[in-house]
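# Structural features, examined
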Protein chains: 2
Amino acid sequence: MVDVKPVITKGLEGIYVSESAICKVDGTAGKLYYRGYSIEEIAEHSSFEEAAYLVLYGKLPTASELSAFDAALKESRALPKYVIGIIKGMVGKADTMDILRTALSAMSAEDKEVEDMSEAANLRKSARIISAIASIVATTGRLMEGKRYVKPNAKLSHAENLLYMLKGKKPRSDEARLLDVMMVLHVEHSTNASTFSTMVAGSTLSDIYSAVTAGISTLKGPLHGGADRASLRMMYSIGSPDNTENYINSALEGKQKIMGFGHRVYKTYDPRAKVMHKYLEQLSATGTEEVKNLISIAFRAENMMIEKLGKTRGIWPNVDFFSGPIYVQIGIPIDLFTPIFAASRAPGWCAHMIEYWRDNRLMRPLEYYNGDIDKEYVPMDAR
Amino acid sequence: MVDVKPVITKGLEGIYVSESAICKVDGTAGKLYYRGYSIEEIAEHSSFEEAAYLVLYGKLPTASELSAFDAALKESRALPKYVIGIIKGMVGKADTMDILRTALSAMSAEDKEVEDMSEAANLRKSARIISAIASIVATTGRLMEGKRYVKPNAKLSHAENLLYMLKGKKPRSDEARLLDVMMVLHVEHSTNASTFSTMVAGSTLSDIYSAVTAGISTLKGPLHGGADRASLRMMYSIGSPDNTENYINSALEGKQKIMGFGHRVYKTYDPRAKVMHKYLEQLSATGTEEVKNLISIAFRAENMMIEKLGKTRGIWPNVDFFSGPIYVQIGIPIDLFTPIFAASRAPGWCAHMIEYWRDNRLMRPLEYYNGDIDKEYVPMDAR
């Protein structure tokens, strides 16, 4: 039999792996919908709690549904002592995403429903996971500064409480609103690499903690969630707005990848980046001097990139490009950017897992073997 | 624009995601090759250490290469105190795979080369990961019995030391050889779900600990690594050999899935199961009474299944079906079966990750949106 080389779709580009009613990404029109509602509407009207409910349950909640979901989230905010111990043991030695991956994985020991694969149990576990990730992220930031764990405050919203557990004091309402919007914008984005990884892990019928741990493992990389850190680092390297043109030109000449631009699906302006842009315009008047400087750099880099690569090659600013200055304004350290992305994306990971399990199929692709065959074993002394 | 529904390949069946020179699975002929050498040859001649080297480095090692690799493995056998603490904290509360997932994830904090993405560093990290997983597995089994952590013994081989750290005494040579063969048979198997998950996680350029943590998360499920536990549980449920026909018949009538049979790629006898079969034939004379009984049940179930489903529908015994009686003979508790699978597969996960990174492409498939669109946001009081 002749071995005909098959078509290999590296990166699975263009391959449809599932049907879903969670999220529509229209990469040509630059539109994004959560459960049919445009991201612009959701970012304007919904809190993180409401957006998470919408994505998980498929509908906007009534007042009592939202209140029950909110209560479930609040119940799971406190971290068990041994998980705080894990964070303490890794802080200063490990990347914040490595800490989050480990601590969330450890949380499964606290959950008596881990192996219950009913949809109701998985929805309950989703709320616990969403809260746990937020608390782990805040506590990691807290312990990184050598400070003590802050107990959650049930009077605060999800975003407020995250900032409270991070900083040890109640946040200003404008800061909490900025974090809330950022989290809403990151709740869900179809089969991006981390969500897909979640589905691959869950497709063996492992469990939702295993699946989300795989998602966190995947989000860490600079080609995915890690891009927000890389973008801000670039802005700091540029330093002053007047240096932007020089920097970008020499980066492009050196064929360096500019982080925060280009997207596998969007071939136009990322609608989430557009929402952020509006907030950045406000902050360019009201922000700190550092933030104003970063925004000037960001806007000049954006204009250049759109002229040079956007209009001609479809490489536009994406969601990761503008995150930095907003997080800096809220006082979030750069090492927490990607963990906060994880805290925001947790509802999307869980929603996809739960939906995929309704019609589960083990993810088992093929690879084409291009090596030798039927080699003869050579004993050690003849090698 | 009319939205034409695309072809959806659920489970990625038949999709080629990469080229690889690591492993050839010929599902029609029932053949498996590691780097071109047939599994029968490798299982007969190679230790786990040699098979791991072969898969990672692409060639059979010379005596000095094997000795250097063995020394690297031995150096990384001892677990840091805080990782033993994590295992202790989770034992009795969490599944053994949840413990392994967490403890291996935590090991990244000990490794100063985590973020070094050079191939040389990733090969060094692979040896550390292979050793760490084995020690975590043994220590988990040890602490599950309420006993104390056993320090590794550098005079012992990889399989011997795993049993030594598990049981606190040097294993008999026939026991160590059985475990060694079992581990060799599980070293690598192309893009199975856990290896694929490793590649998805790593494709964002995260790091090799993140990638392997995703692999462990994926292996846990009963449709993948968890099948070996399910198979043995079925044998215990059958209880006596004479009950086999009744049990299998009623299971098939009830359309129950019989764990340990059928495979996405093999449509004939799994060559690994064939190697195990030979060892089981020996054990059916030399094994304990419990093991002899299990083997009788396994062989009767095997014959029935081949007659009923193998010859007609291509559903044959796979690698997971025969593991149970062998592990029982070595004295490995059922909850360690899947963790030992992970310890065995670690070289395959690492080899695939390292190979994929040479020509990396972000894994980002698509999904088809089948929900509503452009829904109007309804304020809370109008819901």
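Criteria and cut-off values
- Residues numbered from 1 in each chain as written.
- Chains lettered and ligands numbered in written order.
- Predicted model: local features only at pLDDT ≥ 70, side-chain atom pairs only at ≥ 80, totals over all residues.
- Heavy atoms only, no water.
- Helix = DSSP H or I, 4+ residues; strand = E, 2+ residues; numbered from the N terminus.
- Pairing = 2+ DSSP bridges.
- Buried < 20%, exposed > 50% of the residue type's maximum accessible area, 1.4 Å probe, protein only.
- Contact = heavy atoms within 4.5 Å.
- pLDDT = per-residue confidence, 0-100.
- Buried area = accessible area lost by both parts, 1.4 Å probe.
- Salt bridge = Lys/Arg side-chain N within 4 Å of Asp/Glu carboxyl O.
- Polar contact = N/O pair within 3.5 Å; in protein donor to acceptor, adjacent residues only side chain to side chain.
- Nonpolar A, V, L, I, M, F, W, Y, C, P; charged D, E, K, R; others polar.
- Least-squares fit on C-alpha atoms with pLDDT ≥ 70 in both.
- Domains from an automatic or database assignment.

## Comments concerning unusual backbone geometry
Backbone geometry places A:Leu205, a non-glycine residue, at a positive phi of 65 degrees. Note that A:Leu205 resides in the loop between helix H9 (193–202) and helix H10 (208–219). Residue B:Lys255 is not a glycine yet carries a positive backbone phi of 55 degrees.

## Description of the sheet that holds strand S3 (residues 31–34) of chain B
All names here are of chain B. Pairing in this open sheet of three strands is antiparallel, and the strands run S2-S3-S4 from one edge to the other. Edge positions in the open sheet fall to strand S2 (23–26) and strand S4 (37–38), since each of these has one partner strand only. In terms of strand pairing, S2 meets S3 through four bridges, oriented antiparallel. Residue pairing for S3: aspartate 26 is matched across the bridge by lysine 31.

## What about the environment of A:Leu54?
Residues and elements named next belong to chain A. Summarising the element assignment, leucine 54 is placed in helix H2 (residues 48–57). Residue class for leucine 54 comes out buried when judged on its relative accessible area of 0%. Residues leucine 54 and proline 347, 293 residues apart in the sequence, show an inter-C-alpha distance of 9.3 Å. Contact partners of leucine 54, with chain neighbours within four places excluded, come to Tyr34, Arg35, Tyr37, Ile42, Lys59 and Leu60.

## Re the confidence of the model for chain A
When pLDDT is averaged along chain A, the result is 95, and 99% of the positions lie at 70 or above. Interface scoring of the predicted complex returns ipTM 0.96; its pTM is 0.97.

## As for the interface of chain A and chain B
Counting from both sides, the interface comprises 102 residues of chain A and, opposite them, 102 residues of chain B. Overall, the association of chain A and chain B removes approximately 9300 Å² of surface from exposure, summing both partners, and the carbon and sulfur fraction of that is 56%. Taken as a group, A:Arg364, A:Glu367 and A:Tyr377 account for 10% of the area that chain A buries against chain B, more than any other trio of residues on that side. Taken together, chain A and chain B are joined by 16 salt bridges. Two residues, B:Lys220 and A:Glu115, come together in a salt bridge whose shortest N-O distance is 2.9 Å. Here chain A and chain B share 78 residue pairs in polar contact (both at pLDDT 80 or more) between them. At six residues, the largest contribution of residues to the side of chain A that touches chain B is made by H10(A). Split by residue class, the side of chain A that touches chain B holds 45 nonpolar, 30 polar and 27 charged. Of the strand pairs in this sheet, strand S5 (residues 366–369) of chain A and strand S1 (residues 16–20) of chain B are connected by four bridges, and their pairing is parallel. Among the inter-strand pairings, A:Glu367 is bridged to a residue of S1(B), identified as B:Ser18.

## Some details on the side chain of B:Asn161
If you trace the backbone, B:Asn161 turns up in helix H7 (residues 158–167). Beyond its immediate sequence surroundings of up to four residues, B:Asn161 is in contact with B:Arg77, B:Pro152, B:Asn153 and B:Leu156.

## Some points on the relation of the copies chain A and chain B
Superposition of chain A onto chain B requires a rotation of 180 degrees combined with a translation of 0.0 Å along the rotation axis, giving an RMSD of 0.0 Å. Such values leave the two copies arranged in the relation of a two-fold axis. Of every C-alpha in chain A, the one belonging to A:Ala214 sits nearest the axis of rotation, 2.1 Å from it. The share of interface residues of chain A whose copies in chain B are also at the interface is 100%, consistent with both copies meeting through the same surface.

## As for helix H9 (residues 193–202) of chain B
Residue pairs three or four apart in sequence face the same way in an α-helix, which turns once every 3.6 residues. Burial runs high along H9(B): ten of the ten residues are buried. All of the buried residues along H9(B) are B:Ala193, B:Ser194, B:Thr195, B:Phe196, B:Ser197, B:Thr198, B:Met199, B:Val200, B:Ala201 and B:Gly202. Summarising the contacts, the buried residues of H9(B) are in contact with H9 and H10 of chain A together with S1, helix H10 (208–219) and helix H16 (337–357) of chain B.

## Examining the domain arrangement of chain A
All names here are of chain A. What the domain assignment reports for chain A is domain 1 (16–223 + 336–357) and domain 2 (227–330). Distance from the C-alpha centre of domain 1 to the C-alpha centre of domain 2: 25 Å. With 33 residues of domain 1 at the contact, the number on the domain 2 side is 27 residues. Across the domain 1/domain 2 interface, buried area totals approximately 2400 Å², and carbon plus sulfur atoms make up 67% of it. Broken down residue by residue, the surface that domain 1 buries against domain 2 is led by Leu178, Met182 and Phe337, which jointly contribute 29%. Our count for the domain 1 to domain 2 interface comes out at one salt bridge.

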